[in-house]
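# Tertiary structure, described
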Amino acid sequence: MGGLKAVRQPDLVLISWTRNPLVPGSARRIVSVRVIGSAEPCKATLVTNGLLITALNCLLDDFKIVYQKKTSNVSGYLLLQRFRNV
């Protein structure tokens, strides 16, 4: 059993977003973020009230959106996942 290695776990980023209901077509802004593992090099873009598009422009270089849901006309969340190279 000496040859067993720990399996590298994927990095996960859960982002909750909202937009201003009084401004049609307003930008989606980050409400909260949870990271399991690492969000580097994009951690600086994952800030409350930051623009979701800015975070996604960075994250989507490495991460894939594995789930997303609109919870209303002006809010929702997405889950992104990255498998790290061993």
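Our subject is the structure that appears above.
Residues numbered from 1 in each chain as written. Predicted model: local features only at pLDDT ≥ 70, side-chain atom pairs only at ≥ 80, totals over all residues. Heavy atoms only, no water.

## Some words on the pattern of salt bridges
For the structure on display, the rule yields two salt bridges. Note that D11 and R82 form a salt bridge whose closest N and O atoms lie 3.0 Å from each other. Of this pair, D11 sits in strand β1 (residues 11-18) while R82 sits in strand β4 (residues 75-82); the two residues are 71 residues apart in sequence, bridging distant segments of the chain. Overall, the relative accessible area of 10% leaves R82 in the buried class. With its nearest N and O atoms 3.2 Å apart, the salt bridge here joins D62 to R82. You can see D62 sitting in the loop between α1 (52-59) and β3 (64-72) and its partner R82 sitting in strand β4, a full 20 residues away along the chain. If you follow the salt bridges from partner to partner, you end up with D11, D62 and R82 in one network. (Salt bridge = Lys/Arg side-chain N within 4 Å of Asp/Glu carboxyl O. Helix = DSSP H or I, 4+ residues; strand = E, 2+ residues; numbered from the N terminus. Buried < 20%, exposed > 50% of the residue type's maximum accessible area, 1.4 Å probe, protein only.)

## Concerning the side chain of R82
Engagement of the side chain of R82 in a polar contact is seen with the backbone oxygen of E40, the distance being 2.9 Å. Not counting residues up to four positions away in its chain, the partners in contact with R82 are P10, D11, S38, A39, E40, P41, D62 and F63. (Polar contact = N/O pair within 3.5 Å; in protein donor to acceptor, adjacent residues only side chain to side chain. Contact = heavy atoms within 4.5 Å.)

## A few points about the sheet that holds β4
A sheet is described by the order of its strands in space; here four strands give the open sequence β2-β1-β4-β3, paired in antiparallel fashion. If you trace the sheet from one side to the other, it starts and ends with β2 (29-36) and β3, each paired once. When strand polarity is set aside, the average angle formed by the axes of neighbouring strands in this sheet is 15°. In this sheet, β4 lies alongside β1 in antiparallel orientation, the contact comprising eight bridges. Across the sheet, residue I15 finds its bridge partner in β4, namely L78. (Pairing = 2+ DSSP bridges. Axes fitted to C-alpha atoms, helices over the stretch in contact; angles between N-to-C directions.)

## Focus: the state of the cysteines
Counted according to the given criterion, the structure contains one disulfide. Here C42 connects covalently by a disulfide to C58, the sulfurs 2.0 Å from one another. Given an S-S torsion of about -85°, the disulfide between C42 and C58 has left-handed geometry. With C42 in the loop between β2 and α1 and C58 in helix α1, this pair connects stretches of sequence that are 16 residues apart. By relative accessible area, which is 3% here, C42 ends up buried. (Disulfide = S-S within 2.5 Å.)

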